[in-house]
Amino acid sequence: METKPKPRILSGMRPTGALHLGHLTGALDNWVRLQDSYDCFYSVVDYHALTTEYEDPSAIRANVIEVTLDWLAAGIDPAKSCVFIQSLVPQHAELHLLLSMTTPVSWLERVPTYKDVQANLKNRDLATYGFLGYPLLQTADIIIYKANAVPVGEDQAPHIEISREIVRRFNNFYGPIFPEPQTLLTPVPRTPGTDGRKMSKSYNNSILLKDTEADIRSKLKTMVTDPARQRKTDKGDPGKCPVFDLHKAFSTKETRDWATHGCTTAAIGCIECKSKLADHVVARIEPMRQKREELASRPDTVMDILKDGSARARKVAQATMDEVHRAMKIAY
Ligand code: TRP
Ligand code: SF4
């Protein structure tokens, strides 16, 4: 009996180091779920890291391992999904080059992240060709596997949009080689860090997936709360409290109801509320941390998983490149 092939998805993360709760709620949980209904390709995109870290790439290799450990600990299963390193599939770089022949510079200049990231990373010189080409490389990542869809958060939507434009233009010149990738928009719940701003490595406000119970408890103790609730006798508003955003992501309904009631009637204090949140976060993270620790004691195994995945990815990518060569009349 013939079974219909599963639709294919691809997503990627830059190797920025150990992942935090925001990565879990905003991407990883979803990636894990998608494994059963899609043919999944998940890439650690080290070339993309170089677009901003080219002056000092010394952390990239270790960060590739860190990110992969967190993926595996969170439940990405290399038996189900192709987990690989972007630069171990150099076909991505070749396709990026060939796409650069047809892509107008103005399309890349008007991608919103181009000027935004340049403005946010003022200490780096991002007036480079590689940085301008970031969305083009991302397009190559996706279409080289002829992925049907890309699971990403809202912030990445413009990148998937431009990838469709690039595909349309390419297909117009050379024939229908690539499907237009769809955005599989991941709802990203607000996951604030301990200072109430978006959880982010650069803000130093993160709870990491590899944090121990003691780390988690002490970090959450310092977390900011509803600023109007100065004393325990003041009534609070969970809607104005970043701690409550984390309750929404990690606690049970029972605990959320307890926190809402206790906060709005001043029946509980913030310390109690945060300690209860810590129970739930620890319950969620601790099994991952243990799995991660076990994997981390065997770094060669992790690299082997990435190399196996990359070898599988190369086969698929090369088959696409053979088609591209023929279509672009450079098959010899
Ligand atoms: N730009 C993405 C990010 O910063 C990472 C990325 C690279 C990606 N290539 C991709 C995401 C392909 C989805 C598909 O998060
Ligand atoms: Fe926030 Fe909980 Fe304190 Fe209310 S009781 S302000 S929800 S930490």
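Here, every reference points to the structure presented above.
So, how was this worked out
- Residues numbered from 1 in each chain as written.
- Chains lettered and ligands numbered in written order.
- Predicted model: local features only at pLDDT ≥ 70, side-chain atom pairs only at ≥ 80, totals over all residues.
- Heavy atoms only, no water.
- Salt bridge = Lys/Arg side-chain N within 4 Å of Asp/Glu carboxyl O.
- Helix = DSSP H or I, 4+ residues; strand = E, 2+ residues; numbered from the N terminus.
- Buried < 20%, exposed > 50% of the residue type's maximum accessible area, 1.4 Å probe, protein only.
- Phe/Tyr/Trp six-rings, centres within 6.5 Å; stacked < 30°, edge-to-face > 60°.
- Lys NZ or Arg CZ within 6 Å of the ring centre and 35° of its normal.
- Near = heavy atom within 4 Å.
- Nonpolar A, V, L, I, M, F, W, Y, C, P; charged D, E, K, R; others polar.
- Axes fitted to C-alpha atoms, helices over the stretch in contact; angles between N-to-C directions.
- Left-handed = near helix turned anticlockwise from the far one by under 90°.
- Contact = heavy atoms within 4.5 Å.
- Pairing = 2+ DSSP bridges.

Novice: So what's going on with the pattern of salt bridges? Which residues, and what values?
Specialist: According to the stated counting rule, one finds 22 salt bridges in the structure shown. When the shortest N-O distance is used, the salt bridge between D29 and R284 registers 2.9 Å. Residue D29 is found in helix α1 (residues 21-34), and its partner R284 is found in helix α13 (residues 270-296); the two are separated by 255 residues along the sequence. For R284, a relative accessible area of 31% translates into the label partly exposed. For the salt bridge of R164 with E161, the shortest nitrogen-to-oxygen distance reads 2.7 Å. Of this pair, R164 and E161 both sit in helix α9 (residues 157-174), 3 residues apart, which is roughly one turn of that helix. R164 gets classed as buried once you look at its relative accessible area, which sits at 14%. Overlapping salt bridges bring together E66, D70, K210 and R292 as one network.

Novice: Requested: an account of unusual backbone geometry, with residues and values cited.
Specialist: Residues other than glycine seldom take positive phi values, yet N204 does so here, at roughly 60°. Residue placement: N204 occurs in the loop between β5 (182-185) and α10 (213-221). Exposure remark for N204: the relative accessible area of 74% places this residue in the exposed category.

Novice: Describe the packing of aromatic side chains, and please don't skip the residues or the numbers.
Specialist: Scanning the entire structure with this criterion turns up 11 aromatic pairs. Seen in terms of ring centroids, W31 and Y42 are 4.4 Å apart; in terms of plane orientation they differ by 0°. Their pairing is stacked. Taken together, the residues W31 in helix α1 and Y42 in strand β2 (residues 39-44) connect sequence positions 11 residues apart. Residues W31 and Y42 agree in their burial class; the two are buried. Ring pairing ties together the aromatic residues F170, F173, Y174 and F178, which thus form one cluster. A cation over an aromatic ring shows up here: R169 above the ring of W107, its NZ or CZ 5.7 Å from the ring centre. Against the face of Y203 rests R197, its NZ or CZ located 3.8 Å from the ring centre.

Novice: Could you give an account of the site of ligand 2, with specific residues and numbers?
Specialist: Near ligand 2 you find T225, D226, R229, C241, V243, C263, C270 and C273, and these make up its full shell. Looking at side-chain class alone, the shell around ligand 2 contains 5 nonpolar, 1 polar and 2 charged residues.

Novice: Talk me through the packing of helix α11 (residues 242-250) against α13; I want residue IDs and the actual numbers.
Specialist: Contact geometry for α11 and α13: axes closest at 10 Å, N-to-C directions at 35°. The two elements α11 and α13 cross, and the hand of that crossing is left-handed. Facing α11, whose interface residues are V243, L246, H247 and F250, α13 presents C273, K274, K276, L277, H280, V281 and R284.

Novice: Talk me through the pairing of strand β3 (residues 82-85); I want residue IDs and the actual numbers.
Specialist: Of the two faces of β3, both are covered, the one formed by C82 and F84 as well as the one formed by V83 and I85. Both β2 and β3 contribute to a ladder of 4 bridges, which runs parallel. Paired with S43 across the bridge in β3 is F84.

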